[in-house]
Amino acid sequence: MSWGSELWDQFDNLEKHTQWGIEYLEKYTKFVKERSEIETNYAKQIRNLSKKYQPKKNSREEEESKYTFCRAFLTTLNELNDYAGQHEVIAENLTAQIISELSRYLQELKSERKSHFHDGRKAQQHIESSWKQLETSKRRFERDCKEADRAQQYFEKMDADINVTKADVEKARQQAQMRHQMAADSKSDYSTLLQKFNQEQNEHYFTVIPNIFQKLQDMEEKRIERIGVSMKTFADVDRQVLPIVGKCLDGMTKAAESIEPKTDSKQVVESYKSGFEPPGDVEFEDYGQAMKRTASDTSLSREAKEKPAGKTSKGKLWPFIKNKNKLMSLLTSPHQPPPAPPATSPPSPSTVPNDSQSPKQQKEPLSHRLNDFMASKPKMHCLRSLRRGITLNSHVRNLIEGSGPEDFSHLPPEQRRKKLQGKLDELNKDIQKETDQRDALTKMKDVYVKNPQMGDPTSVDPRLSEIGQNIEKLQFEVQKFEGWLAEVEERMPSKSDTQRRSIYETQNNTAVSNNCAQDRESPDGSYTEEQNSETQVKANIAPAPNTNPIPTSTTPEFDDEFDDEETLPTIGTCKALYPFEGHNEGTIAVAEGELLYVIEEDKGDGWTRVRRNEDEEGYVPTSYVEVFLETNAKDS
């Protein structure tokens, strides 16, 4: 149907309808714009979320990268970042393909509509003007006809009256003729204008207005078609990114499927394996015989003679301590400063025991500490004081200061070997990098020598000299770390050494089966600092390196007074201000607000020894408790 023929008299309604259509198009444009803003904000939030959970640039990142579930989560974050990028693409395409196009089209549509309705109003004004002219001519013709009739009637009246002069009759006749002539002229004008109006009206309603309305109809149909195209584009924009979004989701799925629990559990072993061996069985001690034996030509004395001169024989402390739990508590007392108390809230179980400042540390083998205690010179009447002395060695100082020696001697053998190997790999990479630079500069120098116009060959010499010095320094570092690595691998016990040591201990136990107090190897295989490893291998003993030796000059010697070690008296009470997990040996777990007995106050290392009951005692950070000492204890 055509608007021109069907709606020829609905000019005003068409004007309202087309205006509503433009407003609807503006409404749809605003909808797409808001959708684009939502996509942009969503992509921004997704990117911020991905960035928030990205691993920080620290040493922990390197540790996390070893585990498959951490790598899978990192891959998921990267894929999520790409996923956010696709939503940004949606927003950009909506803006470029729909919003911008519709905004430009709206301006054109408004201009075109304004032009068409301007032509329609102009045509209406013209036909209305013609109609007014016709009406004016019609009224003049009607007036002239009436005046002509009155003039004719007046003339006839004057002509019939005998009393009227001939001059008056002639004047009336002339007046009537003039009025008839005016009426005839008005009739002619009216007829001409009527024909003209009819022609214009016919042209207006059958040509001008239909053409204008047809243009408006075409404009409206284009507007509707444009909305349909925009709606299709709206869907296509989403459909275009679906393959990439699918790839992102597939990447997340593959990352989740790549998690290997067995591999991660194996990595835990590789990360925390110390290289020490578990302690051997505790030997039976016959307390019925004398505590100290005279030197005799037994297998143990022969063993002492076979050891190199200057090496102190290792004694036993098992007969001197009645309470084995107390011995383990004292020997494994914390060596590091206690953790700082929480600022606002109690520490979670994951923060206190695993913090870098918590008392958790690499423990030395128990037998090594016992044997080093017996090899010392000065006497000390309390094992607690010895624990205080241990915290002053260099190993603990390094832990307190947050740094370790260059050769990683503060680490267990296995971890030390891994650190040294990693350092060697880094140095070799640096050497390769410097070598590549030297080769490139050498080639450049050769080119300069062959073509002097390209550059001065001597300008490269300072850089080559500098690179040569760097390579020499790196090679020196490599030799140094290779020496330390060889030393660690030489000292680490092998399976054959373990088997030989087991055979030796079996023979040694058989040879001294009738003796009560005898020297024995430490539970982990004589963990000592002895340098002459070849002599010990011949004696079928495989020592491990001691990462934390106790100086002989300051280590006390224990005598029979340990046999009289009694339960420490209570010197006060304390109240726990914060919860403490106490995962490490030598510490005790406490709950917030718990009341405990103080049996040994802080000696300056940040730890206080407390007791819950007769069987439960240990160390807690001094900053985690509020201590109330008794008056006599303060005075003493």
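These numbers come from a predicted model, not from an experiment.

Rules and cut-offs
- Residues numbered from 1 in each chain as written.
- Predicted model: local features only at pLDDT ≥ 70, side-chain atom pairs only at ≥ 80, totals over all residues.
- Heavy atoms only, no water.
- Helix = DSSP H or I, 4+ residues; strand = E, 2+ residues; numbered from the N terminus.
- Contact = heavy atoms within 4.5 Å.
- Areas by Shrake-Rupley, 256 points an atom, 1.4 Å probe, with all protein chains shown as cover.
- Pairing = 2+ DSSP bridges.
- Axes fitted to C-alpha atoms, helices over the stretch in contact; angles between N-to-C directions.
- Core = buried A, V, L, I, M, F, W, Y, C linked by side-chain atoms within 4.5 Å.
- Buried < 20%, exposed > 50% of the residue type's maximum accessible area, 1.4 Å probe, protein only.
- Polar contact = N/O pair within 3.5 Å; in protein donor to acceptor, adjacent residues only side chain to side chain.
- pLDDT = per-residue confidence, 0-100.
- Phe/Tyr/Trp six-rings, centres within 6.5 Å; stacked < 30°, edge-to-face > 60°.
- Lys NZ or Arg CZ within 6 Å of the ring centre and 35° of its normal.
- Parallel < 35°, antiparallel > 145°, perpendicular 65-115°, else oblique.
- Left-handed = near helix turned anticlockwise from the far one by under 90°.
- Salt bridge = Lys/Arg side-chain N within 4 Å of Asp/Glu carboxyl O.
- Patch = residues over 30% accessible without salt bridge, like charges linked within 9 Å, V, L, I, M, F, W, Y side chains within 5 Å.

**Let's talk about the overall build of the protein**
Then comes step 1: For the protein, the count of helices and strands is 16 helices and 5 strands.
Then comes step 2: A fraction of 78% describes how many contacts in the protein between residues 6 or more apart in sequence connect residues 24 or more apart.
Then comes step 3: Entry remark: accessible area of the protein is about 38200 Å², with carbon and sulfur atoms responsible for 51%.

**Describing the sheet that holds strand E1 (residues 572–576)**
Then comes step 1: The sheet built from 5 strands is open, its strands ordered E4-E3-E2-E1-E5 with antiparallel pairing. One side of each edge strand has no neighbouring strand; the edge strands of this open sheet are strand E4 (617–621) and strand E5 (625–629). Each strand of the sheet is rotated relative to its neighbour by a mean of 40°, with strand direction disregarded.
Then comes step 2: Where E1 and strand E2 (residues 595–600) come together, 4 bridges link them in antiparallel fashion. Note on E2: the bridge partner recorded for Lys 575 is Leu 595.

**Considerations on the side chain of Ser 186**
Then comes step 1: Examined against the element boundaries, Ser 186 turns out to sit in helix H5 (residues 166–257).
Then comes step 2: Residues contacting Ser 186, with those up to four places away along its chain left out, are Ser 137, Arg 140, Phe 141 and Asp 144.

**Let's talk about the nonpolar core**
Then comes step 1: By size, the foremost hydrophobic cluster in this structure holds 34 residues, and its most contacted members are Leu 25, Val 32, Leu 94, Ile 98, Phe 213 and Leu 216.
Then comes step 2: Broken down by secondary-structure element, the contributors of at least two residues to this core are helix H2 (11–52), helix H4 (68–160) and H5.
Then comes step 3: Ignoring anything within four residues of it in the chain, the contact list for Leu 216 reads Trp 3, His 116 and Phe 117.
Then comes step 4: Judged by nonpolar contacts, the second largest core, of 15 residues, contains Ile 571, Ala 576, Ile 588 and Trp 607.

**Topic: the environment of Glu 594**
Then comes step 1: Its place among the elements puts Glu 594 in the loop between E1 and E2.
Then comes step 2: The sequence separation of Glu 594 and Leu 577 amounts to 17 residues, and the corresponding C-alpha distance is 8.3 Å.
Then comes step 3: Those residues in contact with Glu 594 that sit more than four places away from it in its chain are Cys 574, Lys 575, Ala 576 and Arg 612.
Then comes step 4: Within the structure, Glu 594 has its side chain in polar contact with the side chain of Arg 612 (distance 2.6 Å).

**A word on the pairing of strand E3 (residues 607–611)**
Successive side chains on a regular strand alternate, one facing one side of the sheet and the next facing the other.
Then comes step 1: The element E3 is largely enclosed, with a buried count of 5 among its 5 residues.
Then comes step 2: Covered by surrounding structure in E3 are Trp 607, Arg 609 and Arg 611 together with Thr 608 and Val 610, the residues of both alternating faces.
Then comes step 3: Bridge count between E2 and E3: 3 bridges; the pairing is antiparallel. From the neighbouring strand, Glu 600 faces E3, where its bridge partner is Arg 609.
Then comes step 4: If you look at the hairpin formed by E2 and E3, you'll find 6 residues sitting between the two strands, and Gly 604 has a positive phi there, around 110°.
Then comes step 5: Inspection of the sheet shows E3 paired to E4 by 5 bridges, in the antiparallel sense.

**Some thoughts on the confidence of the model for the protein**
Then comes step 1: For the protein, the mean per-residue pLDDT works out to 74, and 69% of the residues sit at or above 70.
Then comes step 2: Confidence, expressed as mean pLDDT per element, reaches its minimum in the protein at helix H15 (residues 533–538) with 36 and its maximum at H2 with 94.
Then comes step 3: For the stretch residues 291–333, pLDDT sits under 50, and the model shows 92 contacts to residues farther than four places along the chain or on other chains.
Then comes step 4: Note that residues 495–565 has pLDDT below 50 and, in this model, 162 contacts with residues that lie over four places away or in other chains.

**Here's the deal with the packing of aromatic side chains**
Then comes step 1: A complete count under the given rule lists 13 aromatic pairs for this structure.
Then comes step 2: Taking the centre distance of 5.3 Å and the plane angle of 90° together, the rings of Trp 8 and Tyr 205 count as edge-to-face. Here Tyr 205 lies in helix H5 and Trp 8 lies in the loop between helix H1 (3–6) and H2, a separation of 197 residues in the sequence.
Then comes step 3: Exposure remark for Tyr 205: the relative accessible area of 29% places this residue in the partly exposed category.
Then comes step 4: Ring geometry for Tyr 67 against Phe 69: centres 5.7 Å apart, planes inclined by 35°, an arrangement best described as tilted.
Then comes step 5: On the basis of relative accessible area, Tyr 67 is assigned to the buried category, the value being 14%.
Then comes step 6: Clustering of aromatic rings is evident, with ring pairs tying together Tyr 578, Phe 580, Trp 607 and Tyr 624.
Then comes step 7: Sitting over the face of the ring of Tyr 105, Arg 226 holds its NZ or CZ atom 4.8 Å from the ring centroid.

**Quick notes on the environment of Met 454**
Then comes step 1: Following the sequence through the fold, Met 454 ends up in the loop between helix H12 (413–450) and helix H13 (461–491).
Then comes step 2: Between the alpha carbons of Met 454 and Met 444 there is a distance of 9.8 Å; along the sequence they are 10 residues apart.
Then comes step 3: Filtering out sequence-adjacent residues up to four positions away, Met 454 remains in contact with Val 447 and Tyr 448.

**Brief notes about the packing of H2 against H4**
For any two helices packed against each other, the geometry comes down to the angle between their axes and how far apart the axes lie.
Then comes step 1: The N-to-C vectors of H2 and H4 enclose an angle of 165°; their axes lie 8 Å apart at closest approach. Considering the angle they form, H2 stands roughly antiparallel to H4. Crossing geometry of H2 relative to H4 is assigned as left-handed.

**Re the pattern of salt bridges**
Then comes step 1: Enumeration according to the criterion identifies 20 salt bridges in this entry.
Then comes step 2: Across the pair Glu 39 and Arg 35 runs a salt bridge whose closest N-O atoms are separated by 2.9 Å. Of the two residues, Glu 39 and Arg 35 both sit in helix H2, 4 residues apart, roughly one turn of that helix.
Then comes step 3: The partner of Glu 600 in a salt bridge is Arg 609, with the nearest N and O atoms 3.8 Å apart. Just as Glu 600 is buried, Arg 609 falls in that class too.
Then comes step 4: Put simply, Glu 600, Arg 609, Arg 611 and Glu 617 are held in one network by salt bridges that share partners.

**What to know about the environment of Phe 11**
Then comes step 1: Along the polypeptide, Phe 11 turns up in helix H2.
Then comes step 2: By relative accessible area, which is 4% here, Phe 11 ends up buried.
Then comes step 3: Taking the C-alpha atoms as reference, Phe 11 lies 9.0 Å from Arg 121; in sequence the two are 110 residues apart.

**Focus: a nonpolar patch on the surface**
Then comes step 1: A contiguous nonpolar patch, built from Leu 49, Tyr 53 and Phe 73 and spanning about 300 Å² of accessible area, is present on the exposed surface.
Then comes step 2: Considering the arrangement of structural elements, one finds Leu 49 in helix H2.
Then comes step 3: On the accessibility criterion, Leu 49 (39% relative accessible area) is partly exposed.

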